[in-house]
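Notes for the structure review
So you can see what is in the structure, the chains are spelled out below.
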Amino acid sequence: MKNKQLLLFSDYDKLSNQIHRNYLNVPGLIYYESFLAPSEQIICLETLDCHTWLGDLKRRVQHYGYRYDYKARRVDPSMYVGPLPPFAAKIAEKLVLTGLVSKKPDQLIINEYRPGQGIAPHVDCEPCFQDEIATISLGSVYEMELSEISTGITKKVDLELGSCLVFTGCSRYAWKHGIRPRLTDRGRKRARRVSLTFRKVILDERNRKEVDG
Ligand SMILES: O=C(O)CCC(=O)C(=O)O
Ligand SMILES: [Fe+2]
């Protein structure tokens with residue numbers, strides 16, 4: 001099949017050793033440190049920087065597949081903005097190929113963080129997006145904080161360059177994740193970070209009502 005690399009059995013063995021499931025003992029959290037090689041990270045950053053950044057939040061963003069309405073916490077068919085661009089479609093395919101997600105994502109939000117910027121603790125919109133949410137980190141290592149909603153227990157993860165963190169199951173619904181707006185993490189200076197968050201949109205109106213309860 002076009003664009004599809006064949007993985008050998010030995011490749012899968014190597015991969016499964018590197019993919020950490022229930023990472024940090026957070027149920028459902030998956031972490032794969034070397035999802036994108038350094039050369040792929042450079043190409044990805046160069047490619048996405050050729051696209052237009054939107055400045056409607058504190059941080060700059062790009063939306064692909066479907067535009068997401070942060071205020072209404074909503075996605076519907078009218079927000080479709082076309083298929084993922086080729087560089088993003090390739091990464092979405094790799095997410096499936098490596099077994100990090102089971103369904104091919106159709107929505108991508110790219111976030112840019114400058115030192116001092118972060119993202120408030122949140123659970124990604126439940127009725128808008130399906131279970132698996134995959135975040136790829138580029139540019140600069142930032143610390144992400146996860147907190148269990150029922151207990152307040154927190155865990156910290158350094159999002160390494162080229163890494164992929166996947167929220168599924170409990171980590172997706174019972175934990176919040178966020179990045180503190182600061183200049184350093186434990187003495188390590190932050191630089192410009194860019195993340196790519198891949199999701200699969202829920203479009204069925206009946207599902208939406210059921211989920212909304
Ligand atoms: O920047 C990140 O890695 C996380 C982004 C995020 O949590 C989101 O867009 O919902
Ligand atoms: Fe999120």
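What counts and what doesn't
- Residues numbered from 1 in each chain as written.
- Chains lettered and ligands numbered in written order.
- Predicted model: local features only at pLDDT ≥ 70, side-chain atom pairs only at ≥ 80, totals over all residues.
- Pairing = 2+ DSSP bridges.
- Helix = DSSP H or I, 4+ residues; strand = E, 2+ residues; numbered from the N terminus.
- Axes fitted to C-alpha atoms, helices over the stretch in contact; angles between N-to-C directions.
- Expected span 1.5 Å × (residues − 1).
- Buried ≥ 20, exposed ≤ 12 C-beta atoms within 10 Å, placed from the backbone.
- Arc of directions from axis to C-beta.
- Contact = placed C-beta atoms within 7 Å.
- UniProt positions renumbered as here; feature names shortened; annotations may be inferred.

Per an unreviewed UniProt entry, the protein chain carries the name 2OG-Fe(II) oxygenase superfamily protein and comes from Gimesia alba.

Another aspect to go through is the sheet that holds strand β7 (residues 142-148). Across the sheet, 4 strands lie side by side as β5-β10-β7-β8; this open sheet has antiparallel pairing. Edge positions in the sheet fall to β5 (119-122) and β8 (154-159), since each of these pairs with one other strand and no more. When the angles between neighbouring strand axes are averaged without regard to direction, this sheet yields 20 degrees. Taken together, the 4 bridges between β7 and strand β10 (residues 175-179) define a ladder with antiparallel strand orientation.

The next subject is helix α3 (residues 86-97). For α3, with 12 residues, the first-to-last C-alpha span of 16 Å sits near the 16 Å given by 1.5 Å per residue. All buried positions along α3 are accounted for by A88, I91, A92 and L95. Down the axis, α3 shows its buried residues gathered within 105 degrees of arc, on one side only. Where α3 is buried, its residues touch β3 (61-64), β4 (107-113), β6 (133-138) and β13 (193-199).

Under the UniProt annotation, the feature "domain: Fe2OG dioxygenase" (unreviewed entry) is placed at residues 104-202. For the annotated span residues 104-202, helix accounts for 4% and strand for 51% of the residues, and the straight-line distance between the end C-alpha atoms is 13 Å.

Before going further, it helps to spend a moment on the environment of S137. With respect to the helices and strands, S137 occurs in strand β6. By the C-beta count within 10 Å, which is 25 here, S137 ends up buried. Separated by 15 residues in the primary sequence, S137 and H122 place their C-alpha atoms 18 Å from one another. Setting aside its immediate chain neighbours within four residues, S137 contacts L159, E160, L161, S163, R193 and S195.

This part is about the sheet that holds β13. Reading across the sheet, the 7 strands line up as β1-β2-β9-β6-β13-β4-β3 and stay open at both edges, with antiparallel pairing between neighbours. Of all the strands in the sheet, the pair left with one neighbour each is β1 (19-21) and β3. Going across the sheet, the axis of each strand differs from the next one's by a mean of 15 degrees, ignoring polarity. Each of β3, β4, β6 and β13 touches α3; the most contacted strand, β13, lies at about 65 degrees to it.

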